[in-house]
Amino acid sequence: MFSANVARKAVLSVCRASLRPAVSTVIARGYRGDAPEPAVIEIPLPPWQDRTGESLDIKRKRLLYESRKRGMLENCILLSLFAKQYLNTMSELQLKQYDRLINEPSNDWDIYYWATEAKPTPDVYQGEVMDMLKEFAKNKDMEQRLDAPNLEYLDKSN
Amino acid sequence: MAAVCAASRVLGRKIVSSTALPAVCQTSNRKLHFSIYGKRGDAKVSDAISTQYPVVDHEFDAVVVGAGGAGLRAAFGLSEAGFNTACVTKLFPTRSHTVAAQGGINAALGNMEEDDWRWHFYDTVKGSDWLGDQDAIHYMTEQAPAAVVELENFGMPFSRTEEGRIYQRAFGGQSLKFGKGGQAHRCCCVADRTGHSLLHTLYGRSLRYDTSYFVEYFALDLLMEDGECKGVIALCMEDGSIHRFRAKNTVIATGGYGRTFFSCTSAHTSTGDGNAMVTRAGLPCQDLEFVQFHPTGIYGAGCLITEGCRGEGGILINSEGERFMERYAPNAKDLASRDVVSRSMTIEIREGRGVGPDKDHVYLQLHHLPPQQLAAHLPGISETAMIFAGVDVTKEPIPVLPTVHYNMGGIPTNYKGQVITHKDGEDMVVPGLYACGEAGCASVHGANRLGANSLLDLVVFGRACALTIAEINTPGEKLSPLKPNAGEASVANLDKIRFADGSTRTSEIRLNMQKTMQSHAAVFRTGDVLKEGCDKMDSVYKSLDDIKTFDRGIVWNTDLVETLELQNLMLNAVQTIVGAEARKESRGAHAREDFKDRVDEYDYTKPLQGQVKKPLEQHWRKHTLSYVDPKTGKVTLEYRPVIDNSLNAEDCAAIPPAIRSY
């Protein structure tokens, strides 16, 4: 069934996550009400990798795109406002933390629940940036948060 | 000139494609160079302003654009069948808008009570207000149980009953015994993260079959030649290179275009890219005027409160504390079809029984439900209500308003997922092109979609595209030749936008479009308001010629991407509003105050005896096909008949049209 495309696939494959999970899936059945729901979906995805060789400027630009383009509206609004406030002044370490926070979790809702403290933040994501995000989500200044901001704040000619 | 440029650009790198002829674009006087040579691995990342767009050619058996539920299912199905498949997506797969889906998947498994897929078929046909194609609906509802079981076998952890079978909850518009047996419980879910679970499962599976993912590549256009689709051209955001994905089969699964409206529940990524690509290729889009307004979007931000709340017992109340849905839909009440609920809410507001200081919305009450039930089955609701509405759901009701949520229309396909056009009264397949998911219009949702049918639509038609491709192609087939400068116009457009220096900013034009659509093409539509909207949209479209962007780079240029998305949104918006203005009837989600009734080939409110059947030109039970001239924004409309027969009349009798009440 597989044609001689195998060699070509090796050349053409540019899949960022190139590790293949080599485990079979074990499905844990959760019962409504009684046993706890399985907290983790069994199929492992390729692990997230930090990008190397990226200058800080490029990293900021990439993280801007990745903050604005999320899976659901709540995160689009929250993270693009957060990026407007903090992204351009983050240190290298903070940028790395933020990169991991918004790119590694596979369920966008989780990031939302951690930021709003509906669920506890896993240890690997705890840190300065997570604290900043939680603080930001509280909206102590009660600013109107009806939509993601426009990009013009980045226009240097303004 | 061309030869000099070519000579200076041929580098000693591996050329993936056999063509090596550079082409110089003559249309712009900015000396745009469009060359083809291989560039792999050691790409230099540079943000320098350059007029050079290095192009990389790839060859695959199939390319899927979009990595949401439908795209992943198609990519996985194709890879499993042995096809060398590429999946081009502007987002990481698990960040597609499918992840927002919290409702579930409808399937007549019969775990909660006796059920039959033919009842689901009836519900869907009725829900579509008889604009859905019954062959496609037959296909979807019959395949539904098998599709859910297949997902379960892939490892998707559905919520279960005490006996260990898949738990199914109630959802709007679902009934038993052809509407006579009461509420059906056929929505299967994974707590409130069905969408995420679906993506995670399918993405994981597809990787085991060697699908090649091109993540954060923005698809610009289809590569069409002689009416056949030969692939896709895309921009790699990471390094600004252009990629042409040549393939005999292209599947479009790019989702909806909610962002044409000011208030919508969609993420900012729902920009109708696939619909626009098809429009620019000269092909029609179908039924774009049918935009679903979800009854319960949070007033203000627009964030969605899932229908599952009402499925779990939540109710809508007006300023008098009355459960008003009992008046509008005595049987289904708050779980009537979404368009019925949206219209009821709008009528309540217009008649002065709205809540809030401006009396311009209504309340969704959940605090009468036990807190454990809310926590277990609807956990996300509490957070969203608190953050965006400042409300504690265990004590107060949530302010809600009908908000744009889903696009029933899209790229017209047959029930196998093949894109079609309509010429001389016949449906004709466009070779090499397929569409599925919200971007496709098979049409299973017709004039109105039932809740929890969308995730089902994704998996069934994603799989259908893969099956159809596998049926008529073999892996490793030689590709037909492609012109060396195919895709040049797309790159010229990209270049033009990148250096655009007009007088109106992208964000201003976008806001103009959104506000126009919101005021002129909302839940209730009237002739003169729509006409005014069409004229306004025409001038907003033309203002694109004078657009101003500020980021001149090519690497991770969000301004550029959002402007390309705006161009795509604009094409969707003009087709939506012009189609709405032309359709002089009310059907499903398209409600006109000046034409309150459905206009079918017979008057179904009276007995059919003695009635003369109207020809297609004199009634509205037909699909709209819209074309746009991208240069001027002028929309042309044509129509095609609805498919009224099911796939197999003995297996499943088609449902003749009737009056739709709940």
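Residues numbered from 1 in each chain as written. Chains lettered and ligands numbered in written order. Predicted model: local features only at pLDDT ≥ 70, side-chain atom pairs only at ≥ 80, totals over all residues. Heavy atoms only, no water.

Engineer: Which residues make up the overall build of chain A, and what are the values?
Structural biologist: The helix and strand tally for chain A stands at 6 helices and 0 strands. Its helices and strands in sequence order give chain A the pattern α-α-α-α-α-α, from N to C terminus. Counting all 158 residues of chain A, 48% fall into the buried class. At a minimum sequence separation of 6, the contacts of chain A that also span at least 24 residues come to 60%. (Helix = DSSP H or I, 4+ residues; strand = E, 2+ residues; numbered from the N terminus. Buried < 20%, exposed > 50% of the residue type's maximum accessible area, 1.4 Å probe, protein only. Contact = heavy atoms within 4.5 Å.)

Engineer: Outline the domain arrangement of chain B, listing residues and values.
Structural biologist: Residue and element names in this part refer to chain B. For chain B, the domain assignment lists domain 1 (65-290 + 408-472 + 623-661), domain 2 (296-401) and domain 3 (488-601). For domain 1 versus domain 3, the distance between C-alpha centres works out to 23 Å. Together, the buried faces of domain 1 and domain 3 total about 3,900 Å²; carbon and sulfur atoms form 62% of this surface. Taken as a group, Phe261, Phe262 and Glu289 account for 17% of the area that domain 1 buries against domain 3, more than any other trio of residues on that side. The salt bridge involving Glu289 is made with Arg583; its shortest N-O contact spans 2.7 Å. For the pair domain 1 and domain 3, the interface holds 23 residue pairs in polar contact (both at pLDDT 80 or more). Of all elements in the fold, only β9 (217-225), β10 (228-236), α6 (273-280), β25 (622-629) and β26 (634-641) reach the threshold of two or more residues within the side of domain 1 that touches domain 3. Element by element, the count of residues in the side of domain 1 that touches domain 3 is highest for β25, at 6 residues. (Domains from an automatic or database assignment. Buried area = accessible area lost by both parts, 1.4 Å probe. Salt bridge = Lys/Arg side-chain N within 4 Å of Asp/Glu carboxyl O. Polar contact = N/O pair within 3.5 Å; in protein donor to acceptor, adjacent residues only side chain to side chain.)

Engineer: Could you give an account of the sheet that holds strand β16 (residues 398-407) of chain B, naming the residues involved and the relevant values?
Structural biologist: Residue and element names in this part refer to chain B. Read from one edge of the open sheet, 4 strands run β13-β16-β15-β14, paired in antiparallel fashion. Each end of this open sheet is capped by a strand with a single partner; those strands are β13 (291-298) and β14 (315-317). Neighbouring strand axes in the sheet, compared pairwise and without regard to direction, differ in orientation by 50° on average. In the sheet, β13 pairs with β16 via 6 bridges, with the strands oriented antiparallel. By the bridge assignment, His294 is partnered in β16 with Thr403. Contacts from helix α9 (residues 338-350) reach β13, β14, β15 (362-365) and β16 within the one sheet, and its direction differs from that of β13 by about 60°. (Pairing = 2+ DSSP bridges. Axes fitted to C-alpha atoms, helices over the stretch in contact; angles between N-to-C directions.)

Engineer: Describe the pairing of strand β7 (residues 183-188) of chain B, listing the residues and the values that go with them.
Structural biologist: Sheet topology places strand β5 (residues 105-106) of chain B next to β7(B); 2 bridges connect them, and they run antiparallel. Its bridge partner being in β7(B), Asn106(B) is matched across the sheet by Cys187(B).

Engineer: Which residues make up the pattern of salt bridges, and what values go with them?
Structural biologist: Residue and element names in this part refer to chain B. According to the stated counting rule, one finds 63 salt bridges over all chains in the structure shown. For the salt bridge of Asp57 with Arg244, the shortest nitrogen-to-oxygen distance reads 2.8 Å. Placement of Asp57 in strand β3 (residues 52-65) and of Arg244 in strand β11 (residues 242-252) is noted, with a sequence separation of 187 residues between them. There is no split in this pair, since Asp57 and Arg244 are both buried. Ionic pairing is found between Arg350 and Glu593, a salt bridge with its closest N-O pair at 3.0 Å.

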